Amino acid sequence: MAAKLKSSIVTAFRMHGMTLKSDASKFLMEALTPVGEVERGDWLDRIIDLVQKQPLTSSMIDRSMVVAAIKECNAHNEESNNLVFNVIDAFSVPNYSYNTHRKKFMLSSTPRSLHADANAKALLFKERYTVLHQRTSRHNLFTPAAPGAIQDQEKKFKLKPVEYLLGSTSKLGDIIVLGMLTQLKEGKYYLEDPTGVVQLDLSKAKFHTGLFTENCFVLAEGWYEDEVFHVNAFGFPPPEPAETTRAYFGNLNFFGGPSDTSVKASSKLKSIENENEDAMIVFLSDVWLDQLTVRQKLHTMFSGFAEVPPIAFVFCGNFISMPYGSHHVKMFQESLMELAVLINEFPNLVESSKFLFVPGAQDPGPGMILPRPQIPNCITEEFRRKVPSAIFTSNPCRIQYCTQEIVVFREDIVNKMCRNCVKFPSSSSEIPANFVKTIVSQAHLCPLPLHVSPTYWSYDNAMQIYPLPDLIVLADKYDAFTIDSVNCICTNTGSFPRSEFGFKVYYPSNKQLEESKIAD
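Residues numbered from 1 in each chain as written. Predicted model: local features only at pLDDT ≥ 70, side-chain atom pairs only at ≥ 80, totals over all residues. Heavy atoms only, no water.

## Points about the packing of aromatic side chains
For the structure shown, the criterion picks out 31 aromatic pairs. Arranged with centres 5.0 Å apart and planes meeting at 65 degrees, the rings of Phe-91 and Tyr-459 form a pair that is edge-to-face. In this pair, Phe-91 is assigned in the loop between strand E3 (85–89) and strand E4 (96–99) and Tyr-459 in the loop between helix H14 (431–442) and strand E18 (471–474), connecting sequence segments 368 residues apart. Classification of Phe-91 as partly exposed rests on a relative accessible area of 22%. Judged by relative accessible area, Tyr-459 falls into the buried class, the value being 12%. Through a chain of ring-to-ring contacts, the aromatic side chains of Phe-302, Phe-305, Phe-313, Phe-315, Phe-319, Phe-332, Phe-346, Phe-355, Phe-357, Phe-383, Phe-392 and Phe-503 assemble into a single cluster. Here the basic side chain of Arg-46 rests over the ring of Trp-43, its NZ or CZ set 4.9 Å away from the ring centre. The side chain of Lys-171 reaches across the aromatic face of Trp-223, ending 4.7 Å from its centre. (Phe/Tyr/Trp six-rings, centres within 6.5 Å; stacked < 30°, edge-to-face > 60°. Helix = DSSP H or I, 4+ residues; strand = E, 2+ residues; numbered from the N terminus. Buried < 20%, exposed > 50% of the residue type's maximum accessible area, 1.4 Å probe, protein only. Lys NZ or Arg CZ within 6 Å of the ring centre and 35° of its normal.)

## Here we look at helix H3 (residues 37–52)
With 16 residues, H3 should reach 22 Å at 1.5 Å per residue; the first-to-last C-alpha distance of 23 Å fits that figure. For H3, the set of buried residues is Arg-40, Trp-43, Leu-44, Ile-47, Ile-48, Leu-50 and Val-51. Viewed along the axis of H3, the buried residues span an arc of 160 degrees, placing them on a single side of the element. (Expected span 1.5 Å × (residues − 1). Arc of directions from axis to C-beta.)

## What to know about the pattern of salt bridges
Under the criterion given, the structure shown has 15 salt bridges. The partner of Lys-53 in a salt bridge is Asp-49, with the nearest N and O atoms 3.6 Å apart. Close ionic contact of Arg-410 with Asp-286 constitutes a salt bridge, the shortest N to O distance being 3.0 Å. Within this pair, whereas Arg-410 is found in the loop between strand E17 (404–409) and helix H13 (413–420), its partner Asp-286 is found in the loop between strand E12 (281–285) and helix H9 (292–305), the two being separated by 124 residues in sequence. (Salt bridge = Lys/Arg side-chain N within 4 Å of Asp/Glu carboxyl O.)

## Side note on the side chain of Gln-134
With respect to the element layout, Gln-134 can be found in helix H5 (residues 118–137). Engagement of the side chain of Gln-134 in a polar contact is seen with the backbone oxygen of Val-131, the distance being 3.0 Å. (Polar contact = N/O pair within 3.5 Å; in protein donor to acceptor, adjacent residues only side chain to side chain.)

## Section: the sheet that holds E3
In spatial order, the strands read E3-E16-E17-E18-E20-E19; together these six strands make up an open sheet with mixed pairing. For this open sheet the edge positions go to E3 and strand E19 (481–485), each flanked by a neighbour on one side alone. Within the sheet, the average angular offset between the axes of one strand and its neighbour, ignoring direction, is 15 degrees. For strand E16 (residues 397–401) and E17, the ladder comprises five bridges, and the chain directions are antiparallel. Its bridge partner lying in E17, Gln-400 is registered against Glu-405. (Pairing = 2+ DSSP bridges. Axes fitted to C-alpha atoms, helices over the stretch in contact; angles between N-to-C directions.)

## A few points about unusual backbone geometry
Of note, the amide linkage connecting Leu-370 to Pro-371 takes the cis form, showing an omega dihedral of -10 degrees. Within the fold, Pro-371 resides in the loop between strand E14 (354–358) and helix H12 (377–386). In the segment running from Asn-395 into Pro-396, the intervening peptide bond is cis, with an omega of 0 degrees. Structurally, the position occupied by Pro-396 is in the loop between strand E15 (390–392) and E16. Even without being glycine, Asp-226 reaches a positive phi, approximately 55 degrees.

## A closer look at the sheet that holds E14
Strand pairing in a sheet is mediated by backbone hydrogen bonds. Such pairs are either parallel or antiparallel. Read from one edge to the other, the open sheet built from six strands follows the order E15-E14-E13-E12-E21-E22, with strand pairing classed as mixed. Either end of the sheet is taken by a strand with one partner, and the two such strands are E15 and strand E22 (512–517). Across the sheet, the axes of successive neighbouring strands diverge by a mean angle of 20 degrees, strand direction being ignored. Along the sheet face, H9 touches E12, strand E13 (312–316), E14 and strand E21 (502–507) and points at about 165 degrees away from the line of E13. Against the sheet, H12 contacts E14 and E15, and its axis sits at roughly 160 degrees relative to E15. (Contact = heavy atoms within 4.5 Å.)

## As for helix H10 (residues 328–343)
Helix length check: H10, at 16 residues, gives a terminal C-alpha distance of 22 Å against a target of 22 Å (1.5 Å per residue), a fit within 8%. Those residues of H10 lying buried are His-328, Phe-332, Ser-335, Leu-336, Leu-339, Ala-340, Leu-342 and Ile-343. Along the axis of H10, the buried positions cluster into a sector of 155 degrees, meaning they face one direction only. Away from its buried face by more than 90 degrees, H10 exposes Lys-330 and Val-341. In the core, the buried residues of H10 are packed alongside H9, helix H11 (347–352), E14, H12 and E15.

## Remarks on the packing of helix H1 (residues 2–15) against helix H2 (residues 22–32)
Remark: H1 packs on H2, axes separated minimally by 10 Å, with the N-to-C direction vectors making an angle of 120 degrees. Looking at the two axes, H1 sits oblique to H2. Classified by chirality, the crossing of H2 by H1 is right-handed. Each of Ala-2, Leu-5, Lys-6, Ile-9 and Phe-13 in H1 lies in contact with H2, whose residues at this interface are Ser-25, Leu-28, Met-29 and Leu-32. Within the contact of H1 with H2, the residues separate by chemical class into seven nonpolar, one polar and one charged. (Parallel < 35°, antiparallel > 145°, perpendicular 65-115°, else oblique. Left-handed = near helix turned anticlockwise from the far one by under 90°. Nonpolar A, V, L, I, M, F, W, Y, C, P; charged D, E, K, R; others polar.)

Below is the structure:
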């Protein structure tokens, strides 16, 4: 019996190109002996899968690797309710980097800091490019047909690097290049990728849907002659549904949180999500706590939700209506105390709901650089004592509820992108659709030049949205909108005081968004 088990274990690993050391095979035999024969094969497959995901340096597998894989298996099986709702700070988002040789994402071992060196700035754009290049290369339009396969009617394209153009002395026609749009000289646009940079002629370019700004990545189609790339059409890299991404890269937890693997794979969390049909999350922006009218409307809203408490109320800044000044912190603390009194009038909400606070640009804390840390603890300490379920988090932040992944971003970015785009949309009514297309295609919340919207270079991964989440909440003062794009819902809450006290309610069980207003 033992010999048969050992033989099946060794054979299974050999089938995957790995060789077990004697101590590893002995440990696996001890671990799998109590398991029934029917379940043993499934366990072995999962262990091998987890071993393969480790950073292997050779095909020899030792005991420590097997122990780590079994621990991960057990942790996955012992899911508890602490995985139901989690708030992920931007600075704790796992930093995955795409390995072009192994064609898989791996956790980056590069140490990070807020004030990184110049290499981090170059790496920021390289990482964005690499993610979009591998995604575009796998798209149907750019995947070459297999040898001997029946040719379909769809035309296939091939991506070319910039160095392919620079290395040619003759005219090249019908070329498609993926690169970053830059303006190296005043009034002259260039296309840049890791292999080089080429000047663009946009005089005859046709722009597809999107807000094309400097430092965004584009697919440029055209012809090359005399060191100039003459662009006929400009478009964004095609977006990819999250299901397709996970089909290629498995259950890696790109999103962050306590789970070792993606919560999307959890059948237990999915059943909790489906059973709790009344579960909802409320989103508001520009919650000006210093204004009496706003507090009165919040009281009305809390009264309406008192009998059916939401999972969470997500309040986005700015929390004070006045520009930042010397009395700002004191005013903010006093306003928080008044909110605490208001919330404690509804003990059912205090007990059952979370209260999240996402800072805005005018709230106490560091300057305008993204991602923005939470409001300092010394300011919120007294409030958190009175409202224990309060969570002060970063901007942007991530929320995981059961298998749902939600990204919240407080920034007046729509108008900022319109001001900086190369070509403005033909109609202002098209701006929301163009904006959503841009961030989904770029897989980034803020694809603007760094001098327009500064970013901590080492933490740019917190701004990335790849794979796409289920819901992106943009707490922008622009008019409210909701647009569904490749199975990702993008919604803008609008400003609470400026939009007749409007807010959004999200129901995770059926992925429905409800627009609500508090009437006078």
